[in-house]
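# A look at the structure
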Amino acid sequence: MSKTEVVVYANQDLLAAAAAARLVTRLVDVQAARGSASLVLTGGGTGIAVLSELRASSARDAIDWSRLDIYWGDERFVPADSDERNEKQAREALLDHVPLDPKRVHAMAPSDGEFGDDVDAAAADYASLLASQAGPEDHGDVPSFDIMLLGLGGEGHTASVFPESPAVYETERSVVAVRNCPKPPPTRISLTLPAIRRARDVWLMTAGEAKADAVALALAGAGEVQLPVAGARGHRRTLWLLDRAAAGKLTKVYQPPTA
Ligand SMILES: O=C(O)[C@H](O)[C@@H](O)[C@H](O)[C@H](O)COP(=O)(O)O
């Protein structure tokens, strides 16, 4: 039975530092149990701040970086050297500073890569990659990621699955091309909600008052077509990591003292 837990931090800086500390603990535990671990990254201010905190953490090298698979939940379909690319931001914040195995860093294709501007081909290629990484124990064509990090938008998007968009209705494919995104850049590649739900742990991390309505609606059981983040769940655990402002419309959650 999957659990949902909510932890509220006094502010976004503490949230990012604490999430980085949690990542160290969880990844070390998974590696101790199974030898290797997998982590799915997100873009967005909070997601990248967590990676910067992990880079700065004195505990970070407790993780065996050579036995960690890195994936992305979504990517902006822009040239490889664009500052808008989630991959580029993650590399600068963390990935270029730790001894990862390059073969285990699974980025989504850029718009000037081997598929050119064919975003459908780039999405299909990532779906094939996920299928090739899934083992017999994974019951399907997506690996059971150990931790999937996700952010959310005030209107309820997560990864690049936007409210009432074609991606939110996708039930077959694990990865889709996304066009005409309300949030720029307009063309993206995204895991779908069924693929997100293959993760053991989903960590939804967000800060700020602008996210408070979406957080409260998702935790109250809103429908995923109108509020895609409501459909982002881990099959072991769904962990919401919030700051006080993002938790502002929740009742009955422990609120920490002001830092
Ligand atoms: O590609 C993107 O635009 C991001 O992946 C996006 O989904 C982001 O995670 C959220 O919008 C939260 O962003 P903040 O952390 O900046 O609020």
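Conventions used here
- Each chain carries its own residue numbering, running from 1 in the direction its sequence is written.
- It should be noted that, the model being predicted, local features are given only for residues of pLDDT at least 70 and side-chain atom pairs only at 80 or more, the latter also being counted only at that level, while totals for whole chains, interfaces and linings use all residues.
- Side-chain numbers here rest on the full set of heavy atoms in the structure, without hydrogens or water.
- Note on method: axes are straight lines fitted to C-alpha atoms, helices fitted across the in-contact stretch only, with angles between N-to-C directions ranging 0 to 180 degrees.
- Under the scheme used here, helices are H or I runs from DSSP no shorter than 4 residues and strands are E runs no shorter than 2 residues, and both carry numbers assigned from the N terminus.
- Throughout, the term roughly parallel applies to angles under 35 degrees, roughly antiparallel to angles over 145, roughly perpendicular to angles from 65 to 115, and oblique to all others.
- Should the near helix be turned anticlockwise from the far one by less than a right angle, the crossing is left-handed, and should it be turned clockwise, the crossing is right-handed.
- Here, residues are in contact when the closest pair of their heavy atoms is within 4.5 Å.
- Burial status follows relative accessibility: with a 1.4 Å probe on protein chains alone, a residue under 20% of its type maximum counts as buried, one over 50% as exposed, and anything between as partly exposed.
- The near set for a molecule or strand comprises every residue that places at least one heavy atom within 4 Å of it.
- Whenever a nitrogen or oxygen atom comes within 3.5 Å of another N or O atom, the pair is scored as a polar contact, on the condition that within protein one atom can donate a hydrogen and the other can accept it, and that pairs from neighbouring residues in sequence are kept only if both atoms are in side chains.
- Put simply, Ala, Val, Leu, Ile, Met, Phe, Trp, Tyr, Cys and Pro go in the nonpolar bin, Asp, Glu, Lys and Arg in the charged bin, and everything else, Gly too, in the polar bin.
- UniProt positions are given in the numbering used here, feature names are shortened, and annotations may be inferred rather than shown by experiment.
- Here, strands pair whenever DSSP counts at least two bridges between them.
- Here, a salt bridge means any Lys or Arg side-chain nitrogen found within 4 Å of an Asp or Glu carboxyl oxygen.

Glancing now at the packing of helix 1 (residues 12-34) against helix 2 (residues 45-56). Following both chains from N to C, one finds helix 1 and helix 2 inclined at 60 degrees, their axes separated by 8 Å at the closest point. With respect to their mutual orientation, helix 1 and helix 2 come out oblique. Every pair of crossing elements has a handedness; the one defined by helix 1 and helix 2 is right-handed. Contacts between helix 1 and helix 2 pair Gln12, Asp13, Leu15, Ala16, Ala17, Ala19, Ala20, Leu23 and Val24 from the former with Gly45, Thr46, Ala49, Val50, Glu53 and Leu54 from the latter.

A few words on unusual backbone geometry. Residue Pro185 is bonded to the preceding Pro184 through a cis peptide linkage, with omega at -10 degrees. Structurally, Pro185 is set in the loop between strand 6 (175-178) and strand 7 (188-191). Phi at Asn180 takes a positive value of approximately 55 degrees, unusual for a residue other than glycine. Inspection of the secondary structure assignment puts Asn180 in the loop between strand 6 and strand 7. When its relative accessible area of 71% is taken as the criterion, Asn180 is described as exposed.

Further remarks concern the site of the ligand. Around the ligand there are 15 residues in total, and Gly45, Arg76, Lys183, Arg188 and Lys211 lie nearest to it. In this structure, an oxygen atom belonging to the ligand sits 2.8 Å away from a side-chain N or O atom of Lys183. Here Lys211 contributes a side-chain N or O atom positioned 2.4 Å from an oxygen atom of the ligand. Going through the elements one at a time, helix 2 and strand 4 (74-76) are the ones with two or more residues in the shell around the ligand. Within the shell around the ligand, the residues separate by chemical class into two nonpolar, eight polar and five charged.

On to the UniProt feature "domain: Glucosamine/galactosamine-6-phosphate isomerase" (unreviewed entry) in the chain, then. UniProt annotation of "domain: Glucosamine/galactosamine-6-phosphate isomerase" (unreviewed entry) refers to residues 11-240 when read in the numbering used here. With 30% helix and 15% strand, residues 11-240 has end C-alpha atoms that lie 14 Å from one another.

Of the two faces of strand 5 (residues 147-150), the one holding Ile147 and Leu149 and the one holding Met148 and Leu150 are both buried throughout. Of the pairings in the sheet, the one linking strand 2 (residues 37-41) to strand 5 comprises two bridges and is parallel in character. Residue pairing for strand 5: Val40 is matched across the bridge by Met148. Sheet topology note: the strand 5/strand 8 (residues 201-206) ladder contains four bridges and is parallel. Within strand 8, the position partnered with Leu149 by the bridge is Trp203.

The strand order across the open sheet built from six strands is 1-9-8-5-2-3, with neighbouring strands paired in parallel fashion. The open sheet has two free edges, formed respectively by strand 1 (3-9) and strand 3 (68-72), since each of these has just one partner strand. Ignoring strand direction, the axes of neighbouring strands in this sheet form an average angle of 15 degrees. Here strand 1 runs beside strand 9 (residues 237-243); their pairing, made up of seven bridges, is parallel. Following the sheet pairing, Tyr9 is matched in strand 9 by Asp243. Most of the contacts of helix 6 (residues 212-219) go to strand 9, to which it runs at about 155 degrees, and overall it touches strand 1, strand 8 and strand 9.

Before going further, it helps to spend a moment on the pattern of salt bridges. Under the criterion given, the structure shown has 21 salt bridges. The partner of Asp61 in a salt bridge is Arg60, and the shortest N-O contact between them spans 3.5 Å. Between Glu170 and Arg173 there is a salt bridge, with the nearest N and O atoms lying 2.9 Å from each other. Among the residues examined, Arg173 registers a relative accessible area of 47% and is labelled partly exposed.

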